[in-house]
Amino acid sequence: MRRTRRLTALVFAFVASLPSLTLANPQIVVDVQSGQVIAHEEAFRKWYPASLTKLMTAYTTFKAIRAGELSLSSVVVMSEKAAAQPASKMYYAPGAQMTLDSALKLLIVKSANDVAVAIAERVGGSLDNFIARMNADAQALGMTSSRFVNPNGLPGKGQYTTARDLAVLSVTLRREFPEYAGYFALEGVNTGKKEYPNYNLLIGRFDGADGMKTGYICASGFNQVSSATRNGRTVVSVVLGADSLGARADMSADLLQKALTSPRGAGQHLGSLAPYGAGRDTVTDISAEICNPQARKVRSEGRDEAGRMKLLSPYIHEMGRPPRSVFAGLIPGSEPQPKKQNGAAGVIANVPIPKPRPTF
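A few points on the structure. (Residues numbered from 1 in each chain as written. Predicted model: local features only at pLDDT ≥ 70, side-chain atom pairs only at ≥ 80, totals over all residues. Heavy atoms only, no water.)

**Points about the pairing of strand β9 (residues 233-242)**
Part 1: Of all the 10 residues making up β9, 10 are buried; the element is thus mostly covered by neighbouring parts of the structure.
Part 2: As paired strands, strand β1 (residues 27-31) and β9 are joined by 5 bridges and run antiparallel to one another. Bridged to V30 within β9 is V236.
Part 3: Direction of pairing for strand β8 (residues 221-230) relative to β9: antiparallel, over a ladder of 8 bridges. Its bridge partner being in β9, V225 is matched across the sheet by V238.
Part 4: Here β8 hands over to β9 after 2 residues, with N231 in that stretch at a positive phi of 50°. (Buried < 20%, exposed > 50% of the residue type's maximum accessible area, 1.4 Å probe, protein only. Helix = DSSP H or I, 4+ residues; strand = E, 2+ residues; numbered from the N terminus. Pairing = 2+ DSSP bridges.)

**Looking at the sheet that holds strand β10 (residues 325-327)**
Part 1: The mixed open sheet is built from 3 strands, whose spatial order is β6-β5-β10. The outermost strands of the open sheet, each flanked by one partner alone, are β6 (195-197) and β10. Mean inter-strand twist for the sheet, computed between neighbouring axes without regard to direction, equals 25°.
Part 2: Relative to the sheet, helix α4 (residues 100-110) contacts β5 (188-190), β6 and β10, its axis offset from that of β5 by approximately 135°. (Axes fitted to C-alpha atoms, helices over the stretch in contact; angles between N-to-C directions. Contact = heavy atoms within 4.5 Å.)

**A look at helix α5 (residues 113-124)**
Part 1: Taking 1.5 Å per residue as the helical rise, α5 with its 12 residues ought to reach 16 Å, and the 16 Å between its terminal C-alpha atoms agrees with that figure.
Part 2: By the criterion of burial, α5 is predominantly enclosed, with 11 of the 12 residues buried.
Part 3: Among the residues making up α5, those that are buried are N113, D114, V115, A116, V117, A118, I119, A120, E121, V123 and G124.
Part 4: Residues of α5 that are buried make contact with α2 (53-66), β3 (75-77), α3 (80-83), β4 (97-99), α4 and α6 (127-141).
Part 5: Positioned one or two residues after α5, G125 has a phi angle of 85°, which is positive. (Expected span 1.5 Å × (residues − 1).)

**A short note on the side chain of Q36**
Part 1: Examined against the element boundaries, Q36 turns out to sit in the loop between β1 and β2 (37-41).
Part 2: Exposure remark for Q36: the relative accessible area of 14% places this residue in the buried category.
Part 3: Setting aside chain neighbours within four positions, we find Q36 in contact with V29, V30, D31, G265, A266, G267, Q268 and H269.

**A short note on the environment of S73**
Part 1: Checked against the element boundaries, S73 lands in the loop between α2 and β3.
Part 2: With 28 residues separating them along the chain, S73 and D101 place their C-alpha atoms 6.4 Å apart.
Part 3: Engagement of the side chain of S73 in a polar contact is seen with the side chain of S71, the distance being 2.9 Å. (Polar contact = N/O pair within 3.5 Å; in protein donor to acceptor, adjacent residues only side chain to side chain.)

**As for the sheet that holds β8**
Part 1: Pairing is antiparallel across the open sheet formed by 5 strands, whose spatial order is β2-β1-β9-β8-β7. Of all strands in the sheet, those bounded by a partner on one side alone are β2 and β7 (209-217). Neighbour to neighbour, the strand axes of the sheet diverge by 10° on average, direction disregarded.
Part 2: Where β7 meets β8, 8 bridges bridge the pair, whose relative direction is antiparallel. Looking across to β8, one finds that Y216 is bridged to F222.
Part 3: Strands in contact with helix α9 (residues 245-260) are β1, β2, β7, β8 and β9; relative to β9, the strand with the most contacts, it is inclined by about 145°.

As structure tokens, this is what we get:
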């Protein structure tokens, strides 16, 4: 019996000493101007990006605009393939039209998966061409551990990234396209029929918060890329694998605060950060920890009586007012009208509605 207990203890000690592939929280925070890494942990562990993928979609789109291929006033048309994407989505019917400006706002604030595909088809000419451009752009930026198989972040075999690569992308977005920084700082959008607040809980609640994007699928947990500017200094943080919306906001706020109050010039440069740690060969999947009844129960208990997330970081404060929304909707008169069937008005449901799989 004593020998059995000793063996059991040794086994537990061995297991405990192994690097955890499921409980890690990859994170990094970088000074945008200098490129200095202020803090990082598990920054090279491969992770599912979820809707942080849409940052790559935005980057490739901004490049196309700069190249003169299209403009913010260009028309984006909802195709059947786009309309068939799982939620989160706008549920626009095939043929519906919007400007690229509205589409980008819906992509970033509402995290609409159908709009992401519509943008990709408009910019790339086809979905496959756009995805190829995304991956080419990622490689050109030095995102050596990233691969994209769609423009929205829905679960897909072979799609992965790292906190380090997302930091490279986010810093580049802030440096190369300052004219589009406002898209990431929006508090909400109004389609003319409904208002949607930003999923980024730091906007309007953390001093200086001005972006960028959130994402969630079971396999990734709750991801967030955040940016903030104070006294002329902009920093970007990446948090992957948090267990709730509130947790990712708290962790992001703490990282941003640390960066904004740290000495300038401290830390290693992002471009020279050498790969390290476990989890670089396979993509970490934390579905079992995130999408189970107990985890969902804990998340529900993390809301107050009004259904709002309880935020614990001392650096996050109440907004104290409704979010300010900007218009982002269809071009008036472009929404397809219901077709008549058997002499009566009715919608021909030729677009399947898949089971929702959120990626926000």
